[in-house]
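A structural walkthrough
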Amino acid sequence: MTTLPENTAFKNGVQWAFDSTSIGAWKTCPKKYYYSIVLGYEPRSMPPPLAFGVAFHSTLESWHRTLASGTDKHTALINTVRLAGTLGETLPAGDTARSKETLLRTVVCYLDTFWDDKAVTVIKPNGQPAVEYHFQLPFMDYQGLEVFICGHLDRVVKWQGQTLVLDYKTTKYTLDGRFFEQYKPSTQLALYVTACHLVAETLGDLPSAHGVIIDGIQLGVNFSRFARQIVPYSLEEIDEYITDLQYWIKQAMDACKNNYFPQNTESCNKYSGCVYREICSKPPDRRQVFLDGSFTKRIWNPTKER
């Protein structure tokens, strides 16, 4: 087995740089956090929803960066569609609603829908657009170790007099009230808004955010639909989130320090089942063999820019 380099997001076995993925894994199940973040095991093939989401995000990032460089829209559109076609070739087979054709259609229809988008990308002091903005911010102290929160913001925009983080969410389901309600409370979105506030206070790179715009994207075999909704966050809610997040991070760091990661069996069957459910069903002394046989290893390091 190939030996991976040391994960620099850990110091003496304790994670010090956290993002929404690692926080979410811990809150879902300590054992899932252990397998996926501490040990770095992941399925050998990327699930189609994740692969499609990555391709769509990359395509839209290119679109907004190209526009910010001064390229005219029609040239930017041609370049963006070409990129979508290239990325579409890498999508895993078997999901007809997340194919190359779906990606191309969705990108073109999305850009047509928001061709004259009233949400204007924030331009940072260095002249670059706030697109796929990477943050790594000091957040708390743990027994003398400085802890950071990290992540990437899809896009920071000005809309209707407010600063908002814009996030793309793809789904096969109807873009109704229930779809948008699932994003509040949300570890990920609250982290994004919190990061904007901290960046504004410490770096001056971004203005403080009032909330998140969700661009919902419904994927069908023969159609793509879109809906946009604001998810507001008050300062009181952000303060509450910060207090709660410090609690959850301390728990994760305690677990790393003590090398103890219990199973949360209440999460095993949620969302079509945990990918590590079969591993946890084996006797402890046989799990490593099944991990090595069914998964591949990678380093999940929130400090790395994409």
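Residues numbered from 1 in each chain as written. Predicted model: local features only at pLDDT ≥ 70, side-chain atom pairs only at ≥ 80, totals over all residues. Heavy atoms only, no water.

**Digging into the pairing of strand β6 (residues 131-142)**
The buried fraction of β6 is high, at 9 of 12 residues. Here 10 bridges tie β6 to strand β7 (residues 145-159), and the two strands are oriented antiparallel to one another. Each residue of the ladder has a partner; that of Pro138, found in β7, is Phe148. Hairpin remark: β6 followed by β7, antiparallel, with 2 residues in the connecting loop; positive phi at Gln143, about 50°. (Buried < 20%, exposed > 50% of the residue type's maximum accessible area, 1.4 Å probe, protein only. Helix = DSSP H or I, 4+ residues; strand = E, 2+ residues; numbered from the N terminus. Pairing = 2+ DSSP bridges.)

**Details of the side chain of Lys31**
Looking at where Lys31 falls in the secondary structure, it is placed in helix α2 (residues 30-38). Notably, Lys31 is buried but unbridged: the nearest opposite-charge side chain belongs to Asp285, and the N-O separation is 12 Å. Excluding residues within four positions of it along the chain, Lys31 makes contact with Phe261, Pro262, Gln263 and Cys280. (Lys, Arg positive; Asp, Glu negative; His and termini not counted. Salt bridge = Lys/Arg side-chain N within 4 Å of Asp/Glu carboxyl O. Contact = heavy atoms within 4.5 Å.)

**Some thoughts on the packing of aromatic side chains**
Taken as a whole and assessed by the stated rule, the structure comprises 16 aromatic pairs. Ring centres of Trp63 and Trp115 lie 5.8 Å apart, and the angle between their planes is 40°; on these two criteria the pair is classed as tilted. With Trp63 in helix α3 (residues 48-68) and Trp115 in the loop between α5 (100-113) and β5 (120-121), this residue pair connects regions lying 52 residues apart in the sequence. Its relative accessible area of 4% is what places Trp63 among the buried residues. Plain terms: the ring middles of Phe179 and Phe180 are 5.0 Å apart, the flat faces sit at 85° to each other, and that makes the pair edge-to-face. Taken as a pair, Phe179 and Phe180 share a single burial class, namely buried. An aromatic cluster of three or more residues is present, and its members are Trp26, Tyr33, Tyr34, Tyr35, Phe261, Tyr276 and Phe295. The ring centre of Tyr233 lies 4.7 Å from the NZ or CZ of Lys184, which sits over that ring. (Phe/Tyr/Trp six-rings, centres within 6.5 Å; stacked < 30°, edge-to-face > 60°. Lys NZ or Arg CZ within 6 Å of the ring centre and 35° of its normal.)

**Regarding α2**
Burial in α2 covers these residues: Pro30, Lys31, Tyr33, Tyr35, Ser36 and Ile37. The positive-phi residue at the C-terminal boundary of α2 is Gly40, with phi of around 85°.

**Thoughts on the packing of α3 against helix α4 (residues 73-88)**
At a minimum axis separation of 9 Å, α3 and α4 run at an interaxial angle of 160°. Accordingly, the angle class assigned to the pair α3 and α4 is roughly antiparallel. Here α3 and α4 pass one another in a crossing that is right-handed. Counting all contacts with α3, which are made through Ala55, Ser58, Thr59, Ser62, Trp63, Thr66 and Leu67, the residues of α4 involved are Lys73, Ala76, Leu77, Thr80, Leu83, Ala84 and Leu87. Taken together, the residues of the contact of α3 with α4 break down into 8 nonpolar, 5 polar and 1 charged. (Axes fitted to C-alpha atoms, helices over the stretch in contact; angles between N-to-C directions. Parallel < 35°, antiparallel > 145°, perpendicular 65-115°, else oblique. Left-handed = near helix turned anticlockwise from the far one by under 90°. Nonpolar A, V, L, I, M, F, W, Y, C, P; charged D, E, K, R; others polar.)

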